[in-house]
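Observations on the three-dimensional arrangement
Given next are the chains, with one letter for each unit.
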Amino acid sequence: MPNLFDRFTVKDVTLRNRIGVSPMCQYSSRDGFASDWHLVHLGSRAIGGAGLVIAEATAVEPRGRISPQDAGLWSDEHVEALVRIAKFITEHGAVPGIQLAHAGRKASCARPWEGDHSLTDEEDGWETVGPSPLAFGHKLWRVPREMTLDEIRDVQNAFEAATSRALEAGYQWLELHAAHGYLCHSFYSPLSNHRTDEYGGSFENRIRFTVETLDRMRRVWPERLPLAVRLSCSDWVDGGWTIEEAIELSKRLKKVGADLIDCSSGFGTPDYKNYPFGPGWQVPFSDAIRREVGIHTAAVGLITDPVQANEIIASGKADIVLLAREMLRDPYWPYRAALTLDRKSEATPPAPYAHWI
Ligand code: 8CM
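Attention in this report is confined to the structure presented alongside it.

Calculation criteria
Residues numbered from 1 in each chain as written. Predicted model: local features only at pLDDT ≥ 70, side-chain atom pairs only at ≥ 80, totals over all residues. Heavy atoms only, no water. Helix = DSSP H or I, 4+ residues; strand = E, 2+ residues; numbered from the N terminus. Rg over C-alpha atoms; globule rule 2.2 N^0.38 Å. Buried < 20%, exposed > 50% of the residue type's maximum accessible area, 1.4 Å probe, protein only. Contact = heavy atoms within 4.5 Å. Areas by Shrake-Rupley, 256 points an atom, 1.4 Å probe, with all protein chains shown as cover. Core = buried A, V, L, I, M, F, W, Y, C linked by side-chain atoms within 4.5 Å. Salt bridge = Lys/Arg side-chain N within 4 Å of Asp/Glu carboxyl O. Axes fitted to C-alpha atoms, helices over the stretch in contact; angles between N-to-C directions. Parallel < 35°, antiparallel > 145°, perpendicular 65-115°, else oblique. Nonpolar A, V, L, I, M, F, W, Y, C, P; charged D, E, K, R; others polar. Near = heavy atom within 4 Å. Polar contact = N/O pair within 3.5 Å; in protein donor to acceptor, adjacent residues only side chain to side chain. Phe/Tyr/Trp six-rings, centres within 6.5 Å; stacked < 30°, edge-to-face > 60°. Lys NZ or Arg CZ within 6 Å of the ring centre and 35° of its normal.

**Observations regarding the overall build of the chain**
Scanning the chain for helices and strands turns up eleven helices and 13 strands. Against the globule reference of 21 Å for 357 residues, the chain gives a C-alpha radius of gyration of 19 Å, in line with a compact fold. Considering only C-alpha atoms, the chain reaches an extent of 60 × 40 × 40 Å along its principal axes. Considering the chain as a whole, with its 357 residues, one finds that 61% of them fall into the buried category. Sequence separation of 24 or more characterises 70% of the internal contacts of the chain that already satisfy a separation of 6 or more. Carbon and sulfur atoms make up 52% of the accessible area of the chain, which totals about 14400 Å².

**Structural notes on the nonpolar core**
Among the nonpolar cores identified, the biggest contains 99 residues, and Trp 173 and Ile 289 are the most heavily contacted of them. Residue contributions to this core peak at seven residues, all from helix H3 (residues 149-169). If we skip the residues at most four places from it in the chain, Ile 289 touches Cys 233, Ile 243, Ala 246, Ile 247, Ser 250, Ile 261, Cys 263, Gly 294, Ile 295 and Thr 297. Core analysis: the next-biggest nonpolar cluster, separate from the first, contains six residues, Tyr 27, Ala 103, Ala 107 and Tyr 182 among them.

**Focus: the pattern of salt bridges**
Applying the stated rule across the entire model yields 30 salt bridges. For Glu 212, the salt bridge identified is with Arg 153, shortest N-O distance 3.4 Å. Here Arg 153 lies in helix H3 and Glu 212 lies in helix H5 (residues 203-220), a separation of 59 residues in the sequence. Between Arg 252 and Glu 204 there is a salt bridge, with the nearest N and O atoms lying 2.8 Å from each other. On the criterion of sequence distance, the pair formed by Arg 252 in helix H6 (residues 243-255) and Glu 204 in helix H5 is long-range, its members being 48 residues apart.

**So, the packing of helix H8 (residues 306-314) against helix H10 (residues 333-340)**
In a pair of packed helices, the angle between the axes and the distance between the axes together describe the arrangement. It is at 9 Å that the axes of H8 and H10 come closest, and there the two elements cross at 80°. One way to sum up the angle between H8 and H10 is to call them roughly perpendicular. Side by side, H8 and H10 meet where Pro 306, Val 307 and Ala 309 of the first sit next to Trp 333, Ala 337 and Thr 340 of the second. Along the lines of polarity and charge, the residues of the contact of H8 with H10 split into five nonpolar, one polar and no charged.

**Remarks on the site of the ligand**
Taken together, Cys 25, Tyr 27, Ile 66, His 177, His 180, Tyr 182 and Phe 267 make up the full set of residues near the ligand. In this structure, His 177 approaches the ligand through a side-chain N or O atom, which is 2.7 Å from an oxygen atom. Contacts to the ligand include His 180, whose side-chain N or O atom sits 2.6 Å from an oxygen atom. Burial of the ligand by the protein amounts to 67% of the accessible area it has alone, namely 300 Å². Grouping the amino acids of the shell around the ligand by side-chain chemistry returns five nonpolar, two polar and no charged.

**Topic: the packing of aromatic side chains**
Considering all chains together, one arrives at 14 aromatic pairs under this definition. Ring geometry for Tyr 27 and Trp 113: centres 5.6 Å apart, planes at 80°, overall edge-to-face. Of the two residues, Tyr 27 is situated in the loop between strand E3 (19-21) and helix H1 (36-47) and Trp 113 in the loop between strand E6 (95-101) and strand E7 (129-130); the sequence distance between them amounts to 86 residues. The class of Trp 113 is exposed, set by a relative accessible area of 56%. Their ring planes at 15° and their centres at 6.5 Å tell us that Tyr 332 and Tyr 335 sit as a pair that is stacked. Linked through ring pairs, Trp 236, Phe 267, Tyr 272, Tyr 275, Phe 277, Trp 281 and Phe 285 together constitute an aromatic cluster. When the ring centre of Tyr 182 is taken as reference, the NZ or CZ atom of Lys 106 above it lies at 4.8 Å.

See the structure below:
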């Protein structure tokens, strides 16, 4: 039975344990550039003992930012600040990862703590794009412009270029953000995609954008390095995207080179309901995809307790767990978990800390 503190190898990359820091938007960049904040935020979680530290949703073009303060990798100039961060994480024994994203119809918003609403033109908002001219709704009132086939190709080119830059920056783990109502999810969900061309309608057509995009990324992301995809495994709405479809999509993603599915859900519509929010609530998605598809998975969503996290790994419901909010509360969670699980010798802080504690 695997343990939370067993190593985990995918391709040529080995994590020192099964604990990852989930990508979490910091909304703290200017013009997409990483700052000292990102170095400290990500670096302290590497020092904190995680096996994998994934940098936040990083936009592949300016239009694809959730907020004006999002991280970006749309130009070569963004690479330098990331080199320093990836190097620091690596030096402290964690694997540096990054999530590439395009917010689609959920772009051009104020930061969550500044209202989380669509920005007007006067507030320096911008035109958003999506599969169909359908607003997300609620506070996100902007109606996206339907992407042309040329624009679809341009965005896929941007994902490919950003992938090359992530490699150049020294990241060893790459994740395509295809969840939470952002561009990929808005293509594969029937709620947001009403197209009648080859990118809409049937299941095959709705998943085409995501599968093609991952394929483009895999072509430039070396075979020796892991490539992951975060999916929303359900829209939690009648008539929306389902786990059965997520399983089928995962099979296609595996064929074009995905190594791991990061199993999340929801956020594609403000109207979702009847979701069983609680500890480990999304773990059944990870369990189903891992079993049905035969692919590595990550479990995410209200994982806070070491015994709970270890049970997810030991029972084979996921290969790794990704913690978000709990890592904000405590960057040293992995060391505490090691004490709880009696694996202290496998999680030793750096010498300047270890000597004293
Ligand atoms: C914010 C930005 C992007 C995401 C997010 C959030 C917040 C919660 C979450 O996902 O689960 O993908």
